[in-house]
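Understanding the architecture of this molecule
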Amino acid sequence: MSLFYEVEDAIIARLEAKFTGFDPLPKVKHGSDLANIKDKSQGDLTVFVAYNGISKVQEAAETVRTVGTITNEYMIVVVARSAKDNDSRFGTRELADPVLEKVIAVLMGWQPLPKTEQLRIDGSLEPVYQNGFGYFTLVFTHRKSVRGEP
């Protein structure tokens, strides 16, 4: 299994464990499930974890071109659906905000796998509102050292 899948699975497992006792309890899913969000059976509050690819490749130094770092990007998308104050979008923000804060608290600086670097928060994207859903995205990065082959 590729490292990025392992990290994605580790993030999902950690979020599921840390959301116990949360009310309402968000479901945690893979990013590939995001396309099915219009299926209302997914509930009012869902967290999607999606690997977004390599965001940066960097050499260690100008004089050391055989050692570098790959930075992988993970999108954590909190999707909230609420009929409350739908025109003002307040209902979806009200549902999503505590979940977003919890995601930040449990992932920021966390080491997803042994012998790997910690996750770093790299910001957030502008919320998107569509058909009663609010989509709130946090961006985390994870770095991996690589060596060139002779």
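Everything below is about the structure printed above this text.
Residues numbered from 1 in each chain as written. Predicted model: local features only at pLDDT ≥ 70, side-chain atom pairs only at ≥ 80, totals over all residues. Heavy atoms only, no water.

Section: helix 2 (residues 90-107)
Its 18 residues give helix 2 an end-to-end C-alpha distance of 26 Å, which sits within 8% of 26 Å, the value for a rise of 1.5 Å per residue. The principal kink in helix 2, of about 30°, is found at Ala96, preceding the proline Pro98 by one to four residues. Within helix 2, the full set of buried residues consists of Gly91, Thr92, Ala96, Val99, Leu100, Val103, Val106 and Leu107. Trailing helix 2 by a residue or two, Gly109 shows a phi angle of about 80°, which is positive. (Helix = DSSP H or I, 4+ residues; strand = E, 2+ residues; numbered from the N terminus. Expected span 1.5 Å × (residues − 1). Bend = angle between axes of the 7 residues up to and from the residue. Buried < 20%, exposed > 50% of the residue type's maximum accessible area, 1.4 Å probe, protein only.)

Overview of the packing of aromatic side chains
Within the structure shown, the criterion is met by 4 aromatic pairs. Pairing Tyr129 with Phe136 gives two aromatic rings, centres 5.8 Å apart and planes at 80°, and the pair type is edge-to-face. The partly exposed category is assigned to Tyr129, whose relative accessible area is 23%. When the ring of Phe133 is compared with that of Tyr135, the centres are 6.2 Å apart and the planes differ by 35°; the resulting orientation is tilted. On the basis of relative accessibility, which here comes to 4%, the residue Phe133 falls in the buried class. Owing to a relative accessible area of 14%, Tyr135 belongs among the buried residues under this scheme. (Phe/Tyr/Trp six-rings, centres within 6.5 Å; stacked < 30°, edge-to-face > 60°.)

Here we look at the pairing of strand 6 (residues 133-147)
When strand 4 (residues 120-124) meets strand 6, the two strands line up antiparallel, connected through 3 bridges. Across the sheet, residue Arg120 finds its bridge partner in strand 6, namely Thr141. Inspection of the sheet shows strand 5 (residues 128-130) paired to strand 6 by 3 bridges, in the antiparallel sense. In the strand pairing of strand 6, Gln130 is matched with Phe133. Between the antiparallel neighbours strand 5 and strand 6 lie 2 residues, among them Asn131 with a positive phi of about 50°. (Pairing = 2+ DSSP bridges.)

Description of the side chain of Thr71
Among the secondary structure elements, Thr71 is positioned in strand 3 (residues 64-81). In contact with Thr71, other than residues within four places in its own chain, are Gly53, Ile54, Ser55, Lys56, Thr141, His142 and Arg143. (Contact = heavy atoms within 4.5 Å.)

Points about the nonpolar core
Formed by 26 residues in total, the largest nonpolar core has its most connected members in Ile11, Leu15, Val47, Ile76, Val78, Val103 and Leu107. With 6 residues, helix 2 is the largest single contributor of residues to this core. Contacts of Val103, omitting those with residues within four sequence positions, involve Leu15, Phe19, Ile76, Met108, Leu138 and Phe140. (Core = buried A, V, L, I, M, F, W, Y, C linked by side-chain atoms within 4.5 Å.)

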